[in-house]
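Observations on the three-dimensional arrangement
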Amino acid sequence: MGDGIFLLIPILFPMIAGLVILAIGHRIARQIYVGTVLVLNTITVFLISFLTEVSSFTLWKFSGSLSVMFRFDGTGKLFACLISTIWTVACIYAFEYMKHEGKEKRYFAFAVMSLGVLMGLSMAGNLMTLYMFYEFMTLITVPLVIHSQGRDALKAGLKYLGYSVLGAGLTLIGFFFLNFYGTGTAFSEGGVLDLAKIAGNENALLAIFLVMMIGFGCKAGLMPLQAWLPTAHPVAPAPASAVLSGIITKAGILGMIRVTFYVFNPDFLRGTWAQLTIVILALATVFVGSMLAYKEQLLKKRLAYSTVSQVSYVIFGIMILSPQGLSGALLQVIFHAISKNALFLSVGAIIYKTGHIYVKDLKGIGKKMPIVMWCFTIASLSLIGIPPTGGFVAKWDLALGALSPDYGGVLGYIGPAVLLVSALLTAGYLLPIIRDAFYPGKDFDYETLEKTEANAYMTAPLILLCIAVAGLGMFPMGLQQVISGITGAVM
């Protein structure tokens, strides 16, 4: 099995621990247990990431080309550390919030088990393992979407399941073809295509690539398979909405990175119609998502449409196929995950304390819940891309990557223009909320104003996320160094 067997610890530990939660009836005991499991798992992930180089091992071999294989490289480490950290913060927040939703035992059981599956996805070493954990992730996160078990939640869960299975099915089609055209299915920097086999079949391979990217793009909210996202987010509990938007969408991004840089090859894809098609779809999704968010009045749905737009920034950065474009994409993965979790958790605190779910009802909320709204403000500035927040750093790299000679072409100039328009629209649908929250106008009833700030379980995670998005934005050099190691390995 190899020396990398220790990679199973962050995968199996949460999955087994999640089952144990179902037997813990006392709320405080359950919270202590869940918090301990999540913190220990996060520490384990970071220790493995910092103390080992690229680690891999094969758990189970079906045949010559089919195996369950794990490989913990730079990309996997980045995603695993991000996911485990954000997941822990969101679950701690949920200790208080889920009192509002009920069925806490079931929620935390599936939430903790989902983390183990996401660790398996991050550490997948070949297409089969990636596909297996990708499908498992969908099945085990459906209960988070349908938690309330209301009619709308069940419909949203069915839609989420249907779209996700369709997207995964498209990636499976590609897996069959690549099993023939590749030298193997294990991920490798520079790709695994067999140049002798693909000679004369380049267009067929590009079609396979396009199908797989659309399949993984479904989870990332890429048009035309994005409709599940604005349906699922509003009905799920706020902590689940936060991780669906900030983390689960990134599972699709991870799949796209693996296919582009570890199965295919940037040189094979650069300048092709397949690259152009995905770039156009990404830019269209950026614009359409921003427009729909601008028009939407239901707050959680506005943030969901925002995710549709913002995650496609990442897809655009990937498909630039330049080191700086990929660097911007990975930075956007990190800062979108942090800021969007902060936004959804802020909205959850507002819903928990006031019951308000529409934008029009938030006038003066900054006077009632100043800590929550300041966190909402900082996260919004990052999402828009205003310095010194992390969102600015990511979007700067994306723009420079698009304008670099590595990409070129007309879309190299159109891309940054679309991103700029999207940033203006993002400001248009977030800044008025902040303005009305802190400056509600003369008609606001200040005499009956009562502060209803959320407790420490909810505000402490928000503050930590905002410190991260601002601190890493002002001092991004460490992150950029880690990411340059990833981009240097694949290009």
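As shown above, the structure is provided for reference.
Described in the following lines is the structure provided in the data block.

Within the element layout of this structure, Arg-302 appears in helix H13 (residues 299-320). A polar contact of 3.2 Å, which involves the side chain of Arg-302, links it to the backbone oxygen of Ala-293. Excluding residues that lie within four positions of it along the chain, Arg-302 makes contacts with Ala-293, Tyr-294, Glu-296, Gln-297, Val-359, Tyr-429 and Ile-433.

Attention now goes to H13. Every α-helix winds through 3.6 residues per turn, so residues three or four apart in the chain are directed the same way. An ideal rise of 1.5 Å per residue puts 32 Å on 22 residues; H13 measures up with 32 Å between its terminal C-alpha atoms. Judged by how many residues are buried, H13 sits mostly within the fold: 21 of 22 residues are covered. Positioned one or two residues after H13, Leu-321 has a phi angle of 60 degrees, which is positive.

Here we take up the nonpolar core. Counting 172 residues, the largest nonpolar core has Trp-87, Ile-253, Phe-264 and Ile-318 as the members making the most contacts within it. Of the residues forming this core, the biggest block, 17 residues, is contributed by helix H14 (residues 323-354). Excluding residues within four positions of it along the chain, Ile-253 makes contact with Phe-79, Ala-220, Val-311, Val-314, Ile-315, Ile-318 and Val-333.

With that settled, the discussion passes to the packing of aromatic side chains. Evaluated as defined, the whole model comprises 14 aromatic pairs. Taking 6.0 Å as the distance between ring centres and 20 degrees as the angle between the ring planes, the aromatic pair formed by Tyr-93 and Tyr-97 counts as stacked. With a gap of four residues between them, Tyr-93 and Tyr-97 both fall in helix H3 (residues 74-101), about one helical turn apart. Neither Tyr-93 nor Tyr-97 differs from the other in exposure class; each is buried. Looking at Lys-219, its charged tip hangs above the ring of Tyr-134, at a distance of 5.5 Å from the centre. Cation over ring: Arg-258 sits above Tyr-262, and NZ or CZ is 4.7 Å from the ring centre.

On to the environment of Thr-138, then. Position of Thr-138 among the secondary structure elements: in helix H5 (residues 127-145). Taking the C-alpha atoms as reference points, Thr-138 and Tyr-163, separated by 25 residues in sequence, lie 10.0 Å from one another. Once residues within four sequence positions are removed from consideration, Thr-138 is found in contact with Tyr-160, Leu-161, Ser-164 and Lys-219. A distance of 2.7 Å separates polar atoms of two side chains, one belonging to Thr-138 and the other to Lys-219.

Below, the discussion takes up helix H12 (residues 273-295). In this model, H12 (23 residues) spans 33 Å end to end at C-alpha, consistent with the 33 Å of a helix rising 1.5 Å per residue. Every buried residue belonging to H12 is among Ala-274, Gln-275, Ile-278, Val-279, Ala-282, Leu-283, Thr-285, Val-286, Gly-289, Ser-290 and Ala-293, and all of these are buried. Tucked into the core, H12 has its buried residues touching helix H8 (202-220), helix H11 (266-269), H13 and helix H18 (411-438).

Definitions and cut-offs
- Residues numbered from 1 in each chain as written.
- Predicted model: local features only at pLDDT ≥ 70, side-chain atom pairs only at ≥ 80, totals over all residues.
- Heavy atoms only, no water.
- Helix = DSSP H or I, 4+ residues; strand = E, 2+ residues; numbered from the N terminus.
- Polar contact = N/O pair within 3.5 Å; in protein donor to acceptor, adjacent residues only side chain to side chain.
- Contact = heavy atoms within 4.5 Å.
- Expected span 1.5 Å × (residues − 1).
- Buried < 20%, exposed > 50% of the residue type's maximum accessible area, 1.4 Å probe, protein only.
- Core = buried A, V, L, I, M, F, W, Y, C linked by side-chain atoms within 4.5 Å.
- Phe/Tyr/Trp six-rings, centres within 6.5 Å; stacked < 30°, edge-to-face > 60°.
- Lys NZ or Arg CZ within 6 Å of the ring centre and 35° of its normal.

It is worth stressing that arrangement in space is one thing and function is another; only the former is reported here.
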